[in-house]
Amino acid sequence: MNILDKIIADKFKEVELKKSLIPVSQLENSVLFNRKCISLAENLKKGSGIIAEHKRRSPSKDVINQSLNVQDVVKGYEKAEVSGISVLTDGKYFGGSLEDLLHARASVTTPILRKEFMIDEYQVTEAKAYGADAILLIAAVLTEKQLIYLADSAKNLGMDVLLEIHNEEELQKSLKVNADMIGVNNRNLKTFEVSIDNSKNLARLIPNEFVKVSESGISNTGAIADLKNYGYQGFLIGENFMKTNNPGVAAKAFIKELKSIV
Ligand SMILES: O=C(O)c1ccccc1NCC(=O)[C@H](O)[C@H](O)COP(=O)(O)O
């Protein structure tokens with residue numbers, strides 16, 4: 001069993017429990033449920049392209065930063081002029097929560113991606129109720145039919161969809177999905193090795209109707225300048241900012257340097 005299999009097995013149990021505790025009707029009655037979303041995909045096209053992530057820990061790195069509060073981190077990211085903010089809501093493996101998403105939403109207007117392992121429409125409704133503008137769908141863990149269904153559910157609620165792939169096979173089952181962005185994950189989830197070459201190799205196969213996003217293992221502006229030549233407009237960065245004492249300041253310096261080289 002690889003780490004993704006373990007995360008998904010736990011996620012099924014977690015979602016079943018939540019469904020028994022909080023009915024969908026309660027989520028739909030939340031104040032944020034009717035909030036108009038801001039498009040993450042459109043923001044990536046016109047801004048720095050950086051999606052900065054709030055990430056306390058991860059299976060590959062264990063603890064990254066447990067001492068910061070989410071409001072300060074996301075306000076710092078917004079000040080740095082990132083194009084989007086990713087908030088991990090998985091508790092067991094990443095130390096995140098839906099409360100993090102709620103706190104983030106209350107602190108910024110920048111589009112927020114709910115970074116979660118989505119397996120059920122219930123989580124899509126939750127994402128909207130807690131203030132997300134976009135959701136992540138991972139092709140490695142969903143069938144083509146599930147991808148289509150969950151993406152349509154998110155779009156019907158006004159959210160954008162970032163569809164994550166690792167290889168050509170996953171791309172093929174993603175092509176009929178109503179996603180706004182296709183994200184290529186540079187992290188091999190079996191070995192945790194990261195290689196930006198994964199984004200480069202898959203770039204020409206991704207149809208132009210999707211905004212291309214490169215995810216994971218990005219730690220320098222040179223990599224982004226390189227990826228832009230392959231048509232990428234979005235760059236998801238977590239650890240590189242979160243490992244510092246002030247992720248917002250780190251993101252600001254990064255974006256300043258990026259502007260000076262592209
Ligand atoms: O980060 C992990 O170790 C990980 C392990 C298993 C599944 C997903 C994982 N990460 C989720 C992500 O997509 C990353 O947090 C995101 O791309 C940012 O990556 P990085 O800049 O390398 O922190």
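Residues numbered from 1 in each chain as written. Predicted model: local features only at pLDDT ≥ 70, side-chain atom pairs only at ≥ 80, totals over all residues. Heavy atoms only, no water.

To describe two helices that pack against each other, one gives the angle between their axes and the distance between the axes. Interhelical geometry of helix H4 (residues 70-79) versus helix H5 (residues 98-107) gives an angle of 45° and a closest axis separation of 9 Å. When the interaxial angle is binned, H4 and H5 end up oblique. The handedness of the crossing between H4 and H5 is right-handed. Across from Val-70, Gln-71, Val-74, Lys-75 and Glu-78 in H4, the residues of H5 making contact are Asp-100, His-103, Ala-104 and Ser-107. Of the residues belonging to the contact of H4 with H5, the class tally is 3 nonpolar, 3 polar and 3 charged. (Axes fitted to C-alpha atoms, helices over the stretch in contact; angles between N-to-C directions. Helix = DSSP H or I, 4+ residues; strand = E, 2+ residues; numbered from the N terminus. Parallel < 35°, antiparallel > 145°, perpendicular 65-115°, else oblique. Left-handed = near helix turned anticlockwise from the far one by under 90°. Contact = heavy atoms within 4.5 Å. Nonpolar A, V, L, I, M, F, W, Y, C, P; charged D, E, K, R; others polar.)

Turning our attention to the site of the ligand. Residues in contact with the ligand amount to 18 residues; listed here are only the nearest, Glu-53, Lys-55, Ser-60, Lys-115 and Ser-216. In the environment of the ligand, an oxygen atom lies 2.6 Å from a nitrogen or oxygen atom belonging to the side chain of Ser-60. With respect to the ligand, the side chain of Ser-216 contributes an N or O atom lying 2.7 Å from an oxygen atom. Computed on the free molecule, the ligand has an accessible area of 510 Å², of which 97% lies beneath the protein chains in the complex. Partitioning the shell around the ligand into residue classes produces 6 nonpolar, 6 polar and 6 charged. (Near = heavy atom within 4 Å. Polar contact = N/O pair within 3.5 Å; in protein donor to acceptor, adjacent residues only side chain to side chain. Areas by Shrake-Rupley, 256 points an atom, 1.4 Å probe, with all protein chains shown as cover.)

This brings us to the UniProt feature "domain: Indole-3-glycerol phosphate synthase" (unreviewed entry) in the chain. The feature "domain: Indole-3-glycerol phosphate synthase" (unreviewed entry), as annotated in UniProt, sits at residues 4-252 in this numbering. Here residues 4-252 is 41% helix and 18% strand, with 32 Å between the C-alpha atoms at its ends. (UniProt positions renumbered as here; feature names shortened; annotations may be inferred.)

What follows concerns the side chain of Glu-215. With respect to the element layout, Glu-215 can be found in strand S9 (residues 211-215). Lys-115 provides the closest opposite charge to the buried, unpaired Glu-215, separated from it by 5.1 Å. Apart from the residues lying within four places of it in its own chain, the contact partners of Glu-215 are Leu-136, Leu-162, Glu-164, Gly-183, Val-184, Asn-185, Asn-186, Arg-187 and Leu-236. (Buried < 20%, exposed > 50% of the residue type's maximum accessible area, 1.4 Å probe, protein only. Lys, Arg positive; Asp, Glu negative; His and termini not counted. Salt bridge = Lys/Arg side-chain N within 4 Å of Asp/Glu carboxyl O.)

Turning our attention to the nonpolar core. Within the largest apolar cluster, 84 residues are counted, with the highest numbers of intra-cluster contacts made by Ile-50, Tyr-77, Ile-135 and Leu-137. Those residues in contact with Ile-50, other than ones at most four positions away along the chain, are Val-82, Ser-83, Gly-84, Ile-224, Phe-235, Ile-237, Phe-241, Phe-254, Ile-255 and Leu-258. (Core = buried A, V, L, I, M, F, W, Y, C linked by side-chain atoms within 4.5 Å.)

Here the focus is the pattern of salt bridges. One pass over the structure, following the stated rule, counts 22 salt bridges. Lys-11 is the salt-bridge partner of Glu-116, the closest N and O atoms lying 2.8 Å from each other. In this pair, Glu-116 is assigned in the loop between strand S5 (112-115) and helix H6 (121-129) and Lys-11 in helix H1 (residues 3-21), connecting sequence segments 105 residues apart. When sorted by exposure, Glu-116 lands in the same class as Lys-11, which is buried. Among the ionic pairs, Lys-18 bridges to Glu-14, the shortest N-O distance being 3.7 Å. Taken together, the positions of Lys-18 and Glu-14, both in helix H1 and 4 residues apart, correspond to about one turn of that helix. By relative accessible area, which is 22% here, Lys-18 ends up partly exposed.

Every buried residue of helix H10 (residues 221-228) is accounted for by Thr-221, Ala-223, Ile-224 and Leu-227. Buried residues of H10, seen end-on, are gathered within an arc of 150° and therefore sit on one face of the element. Contacts from the buried residues of H10 go to strand S1 (50-54), helix H9 (197-203), S9, strand S10 (232-237) and helix H12 (247-261). For H10, the N-terminal capping position is held by Asn-220, with its side-chain oxygen 3.1 Å away from the main-chain nitrogen of Gly-222. (Arc of directions from axis to C-beta.)

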